[in-house]
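Coordinate analysis (summary)
If you want the building blocks of each chain, they are given just below.
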Amino acid sequence: MTAVRRGPVSCLTRRTTVRANGTGLPVRKVLLALITAASFAGLIDVAAVTPAGAQSFTYNPLPPRPKPPKVANDNQMLVQATEVDYDYNNSRVSAVGNVQLFYNGTSVEADRVIYDQKTKRLHAEGNIRMTDADGKITYAEIMDLSDDYRDGFVDSLRVDTADQTRMAATRADRSSGNYTVFENGVYTACAPCKDDPKKPPLWQVKGARIIHDQQEKMLYFENAQLEFFGVPMAYMPYFSTPDPTVKRKSGFLMPGYFPGTSNTGFGVEAPYYWAIAPDMDATFTPRFMTRQGVLLQGEFRQRLIDGAYQIRAYGIDQLDPGAFAGQPGDRQFRGAIDTKGQFALNDKWVWGWEGVLMSDYYFFSDYRLYQYRDPLGSFLLLPTEALSQLYLTGVGNRSFFDARTMYWLSYSGNQSQVPVVYPVIDYSNVLNYPVFGGEFSYRTNFQNLSRETAVFDPITTLANTASLCTTASADPLARTPSQCLLRGFPGTYTRLTAEAQWRKSFTDPFGEIWTPFASVRADAINSSVSNQPGVSNFLPVGDTQALRLMPTVGLEYRYPFINVQPWGSTTIEPIAQIIIRPNESYAGKLPNEDAQSMVFDASNLFSVDKFSGYDRVEGGGRANVGVQATTQFDQGGAVKALFGQSYQLFGLNSFAVQDSINTGLDSGLDKPRSDYVASIGYSPNRTYTFSVRSRMDEQTWNIQRFEAEGRANFDRWSVSMIYGNYAPQPELGYLTRREGILTTGSLKVASNWVVSGSARWDLEANKINQYVVGAGYVDDCFVLAANYVTSYSYSAGSAPPVLSHAFMFQIGLRTLATTSTTSTSGLSGY
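The following refers to the structure shown. Here the structure is a predicted model, which means the values were calculated and not measured.

What follows concerns the overall build of the protein. Along the protein, the regular secondary structure elements total three helices and 48 strands. Expressed as a percentage of the 830 residues in the protein, the buried residues total 43%. Taking contacts inside the protein between residues at least 6 apart in sequence as the whole, the part at least 24 apart equals 53%. For the protein, the accessible surface area stands at approximately 40700 Å², while carbon and sulfur atoms represent 58% of it.

A separate point is the packing of aromatic side chains. Across all of its chains, the model carries 33 aromatic pairs by this definition. When the centroid spacing of 6.3 Å and the interplanar angle of 75° are considered together, the rings of Tyr187 and Phe221 count as edge-to-face. With Tyr187 in strand β11 (residues 179-188) and Phe221 in strand β13 (residues 218-228), the pair connects residues that are 34 residues apart, well separated along the chain. On the basis of relative accessibility, which here comes to 2%, the residue Tyr187 falls in the buried class. Taken together, a centroid distance of 4.5 Å and an interplanar angle of 45° make the contact between Tyr559 and Phe561 tilted. Judged by relative accessible area, which is 44%, Phe561 ranks as partly exposed. Through successive ring pairs, a cluster of aromatic residues spans Phe300, Tyr309, Phe343, Trp351 and Trp353. Geometry around Phe324 places Arg334 over its ring, the cationic atom sitting 4.9 Å from the centre. For the cation-ring pair, Arg738 lies above Tyr734, with the distance from its terminal atom to the ring centre recorded as 4.0 Å.

Moving on, we come to the environment of Leu345. Of note, Leu345 is situated in the loop between β23 (333-344) and β24 (349-358). Given the relative accessible area of 54%, Leu345 is considered exposed. Each C-alpha atom of the pair Leu345 and Asp306 lies 7.3 Å from the other, and the pair is 39 residues apart in sequence. Excluding anything up to four places from it in sequence, Leu345 contacts Val350, Trp351 and Leu392.

Moving on, we get to the pattern of salt bridges. Enumeration over the complete set of coordinates arrives at 34 salt bridges. One salt bridge connects Arg312 with Asp338, and the closest N-O pair in it is separated by 2.9 Å. Taken as a pair, Arg312 in strand β22 (residues 307-317) and Asp338 in strand β23 lie far apart in primary sequence, 26 residues in all. By the burial criterion, Arg312 is buried, and Asp338 matches it. A single network of salt bridges, built from pairs that share partners, joins Arg693, Arg705, Glu707, Glu709 and Arg711.

Bringing the nonpolar core into the picture now. Counting residues in each nonpolar core, the largest one holds 40 residues, and the members touching the most others are Val113, Leu202, Trp203, Val205, Phe221, Phe228 and Phe782. In terms of residue count, the dominant contributor to this core is β13 (five residues). When residues no more than four places from it in sequence are discounted, the contact partners of Phe782 are Leu202, Trp203, Phe228, Tyr777, Ile811, Gly812 and Leu813.

Next up on the list: unusual backbone geometry. For the bond running from Tyr422 to Pro423, omega is -15°, close enough to zero to count as cis. By the secondary structure assignment, Pro423 is in strand β27 (residues 420-430). A positive phi angle, near 50°, is found at Asn127, a position not held by glycine. Residue placement: Asn127 occurs in strand β7 (residues 121-131). Residue class for Asn127 comes out partly exposed when judged on its relative accessible area of 32%. With a phi angle near 60°, Asn662 is a residue other than glycine that sits in the positive phi range.

Attention now moves to the side chain of Ser674. Mapped onto the fold, Ser674 is located in the loop between β38 (638-650) and β39 (676-683). Residue Ser674 is classed as buried on the basis of its relative accessible area, which comes to 0%. Here the side chain of Ser674 touches Ser646 through a polar contact of 2.8 Å, landing on its backbone nitrogen. Every residue in contact with Ser674, bar those within four places of it in the chain, is listed here: Phe600, Gln645, Ser646, Gly668, Leu669 and Glu698.

The rules behind these values
- Residue indices begin from 1 for each chain and proceed along its sequence in written order.
- Predicted model: local features are reported for residues with pLDDT of at least 70 only, side-chain atom pairs are reported and counted for 80 or more only, and whole-chain, interface and lining totals are derived from all residues.
- By convention in this description, side-chain values take in all heavy atoms of the structure and omit both hydrogens and water.
- A run of H or I in DSSP counts as a helix once it spans at least four residues, and a run of E counts as a strand once it spans at least two, with each numbered from the N terminus.
- Think of it in three bands: residues with accessible area under 20% of the maximum for their type are buried, residues over 50% are exposed, and the middle band is partly exposed, with areas taken using a 1.4 Å probe on protein chains only.
- Only heavy atoms matter for contacts: two residues are in contact if any of them lie within 4.5 Å across the pair.
- In these tables, accessible area is a Shrake-Rupley quantity obtained with a 1.4 Å probe, and a residue counts as shielded only by the protein chains included in the view.
- Only Phe, Tyr and Trp rings are paired, with Trp represented by its six-membered ring, and only when their centres lie within 6.5 Å; those with planes under 30 degrees apart are stacked, over 60 edge-to-face, the remainder tilted.
- Two conditions define a charge sitting above a ring: the NZ of Lys or the CZ of Arg must be within 6 Å of the ring centre, and it must be within 35 degrees of the ring normal.
- We count a salt bridge whenever a side-chain nitrogen from Lys or Arg sits within 4 Å of a carboxyl oxygen from Asp or Glu.
- Among the buried residues, those of types Ala, Val, Leu, Ile, Met, Phe, Trp, Tyr and Cys that are joined through side-chain atoms within 4.5 Å form a nonpolar core.
- Counting of polar contacts relies on pairs of N or O atoms within 3.5 Å, with two restrictions inside protein: one atom must be capable of donating a hydrogen and the other of accepting it, and residues adjacent in sequence are counted only when both atoms are side-chain atoms.

So, in structure tokens, the structure goes:
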């Protein structure tokens with residue numbers, strides 16, 4: 001029941017009071033007829049500033065209040081209050097007690113609100129809380145604004161925004177509908193402590209005055225100081241930053257420091273970001289160096305409807321070219337340009353490019369530029385070349401196509417030894433329907449490349465220089481493959497490969513699984529090998545045309561035995577595979593560019609062709625046999641083990657044939673009876689994982705290759721350790737046994753603090769040759785990370801590896817700035 005009471009009328013004031021019992025429904029009808037609200041746009045703009053506490057964020061959040069009702073936008077304001085008074089003589093309307101105003105998705109709550117129709121001012125006081133449609137919440141004790149909200153002031157202001165930024169001030173004055181000045185303002189992007197809201201945030205910026213220009217969307221801080229946990233750490237008389245609503249805005253970025261080298265001197269960078277348009281931007285980063293002057297750097301990026309691209313350019317007019325005397329950098333102007341992009345033709349096809357050009361191959365390394373860094377941005381794993389390529393890729397449901405042409409720009413100056421690929425094309429497809437009841441697939445590969453100069457690799461102490469490798473011999477059998485390898489041949493090489501495969505599995509009444517398979521592969525090859533010194537010891541020089549055909553038929557047999565126990569089930573599965581095919585044609589007589597890697601272990605025991613690429617193809621009759629056991633525990637966890645061996649049944653053993661890089665020799669497959677291979681993995685739960693992989697000599701059972709790995713992941717910490725032990729492989733250049741341990745670990749010491757480290761211990765040399773130690777703090781408003789790393793790296797122009805040391809430091813304040821620096825030593829030029 002709502003009552004309307006009319007008070008007495010005096011000669012000075014005539015006032016009407018409307019009281020409500022809490023429902024507010026009749027009051028709502030009266031007020032909708034009497035009150036037409038001005039726009040809330042100005043007030044919402046004040047909230048968008050995101051202020052902070054006058055002295056610090058030491059507030060207690062107010063309890064949540066009811067959500068505003070959904071009201072149609074009819075340019076009228078809905079007001080609910082315990083009591084509403086009308087002062088007709090003074091043209092004032094007052095709402096008192098749990099006042100709630102709703103307009104266009106924005107609500108204002110206060111203890112008392114007064115609207116003066118003569119001065120057109122809205123005055124609110126007591127526990128003011130304003131929530132706009134974007135989720136910004138403004139708190140205040142007193143708010144006095146014009147009815148168009150262009151001018152006014154707010155006392156004890158605090159604003160929380162949807163993007164988790166906060167500002168507060170003892171007083172905020174708004175003028176011209178655009179400028180808001182916060183006196184004794186505080187700004188932060190950190191949330192208040194849940195356990196102690198009065199505790200200062202992790203970081204905050206205090207300013208005697210904070211000016212918000214809403215048209216420019218900029219915040220200007222005067223007499224500002226940066227505090228961590230309430231302790232002042234830095235003072236800035238003046239600085240500016242875009243307000244939190246801005247995602248991209250032109251202006252200077254955080255400067256950076258370049259530790260420099262003895263040739264360049266140290267330097268500083270002052271990046272400038274230019275937001276050209278919503279779809280494009282640019283960054284200019286001049287680097288001022290003490291010895292060489294100004295290195296100009298620029299990057300342009302543009303995003304289009306179907307893709308994006310970027311271009312980076314570098315250039316410097318060196319003040320002291322003589323600092324690089326005797327090196328490629330001894331020139332007046334040095335520079336580079338690199339670009340990349342990718343575009344979608346439709347939902348299945350994309351095309352793109354990468355490209356790099358440099359004035360000299362030492363440029364990136366001398367100035368430690370972007371392309372010279374590893375993917376983590378440090379200077380530790382220095383690449384040896386930059387890739388330029390143009391590609392087209394398509395992916396279907398069961399098909400794949402990729403075509404690309406590639407050019408590697410060498411950072412070491414050995415450009416003539418780097419091949420040019422134009423192009424390499426791959427296509428594979430699996431038919432969606434059965435053929436003779438089985439699965440039919442096919443694939444093709446086309447490759448064309450050229451190289452100017454041969455690449456020799458001395459692999460023994462006797463051939464410590466390449467001169468022995470380049471000694472020519474009239475007798476091909478007089479070559480010294482045990483002393484040298486021909487990693488890359490000089491000349492041109494073209495190969496077209498096409499292969500079709502079919503297989504079908506069926507299970508007989510006894511539970512045995514039979515899988516017949518067949519394939520046919522054809523290679524059309526044309527090679528032109530230049531007659532450079534020493535090349536004839538490894539490959540026939542001149543033009544060679546070859547047609548290589550490899551038909552294959554085979555059968556795979558599996559017979560799983562299953563044993564079920566109360567604690568779980570075990571499956572033991574003998575596996576046998578027999579493969580019949582002719583010998584490999586032209587074995588060891590053709591260039592090998594893409595099949596140089598050969599590791600025989602349990603993972604490829606049952607591979608029909610164990611070579612890693614197309615340039616070699618496995619031939620001869622072979623049998624692969626083994627047994628696989630799997631145990632599943634009802635309480636969780638599993639154990640899987642595999643043991644087996646491979647046999648050369650008849651014909652030529654491709655892995656025993658010497659080619660230009662001795663692929664297959666010392667692999668364990670270069671004998672009629674291969675080495676034994678085994679693996680076992682155990683995962684008791686999601687926390688622990690253990691695995692062991694091994695290859696043993698088939699006569700002595702000596703370990704030829706052994707790897708053991710263990711991992712553990714808990715809520716707060718994780719560790720892993722890998723132990724490797726590898727026998728000598730003199731035919732491949734590994735003259736001594738290699739043995740080492742790699743360990744990694746991380747510990748979450750607090751809710752946001754993580755420390756991590758890793759070390760690699762060379763057991764043969766009995767020394768740690770790489771280790772990383774780091775610590776970091778990460779939360780929603782602050783990032784702090786520091787790492788110290790040592791490792792062996794290859795510097796441009798230096799043959800042996802050198803031990804490098806690097807210290808990397810990064811600090812970031814959300815919405816304000818992020819900066820990082822890297823200091824390195826031990827590299828060439830330091």
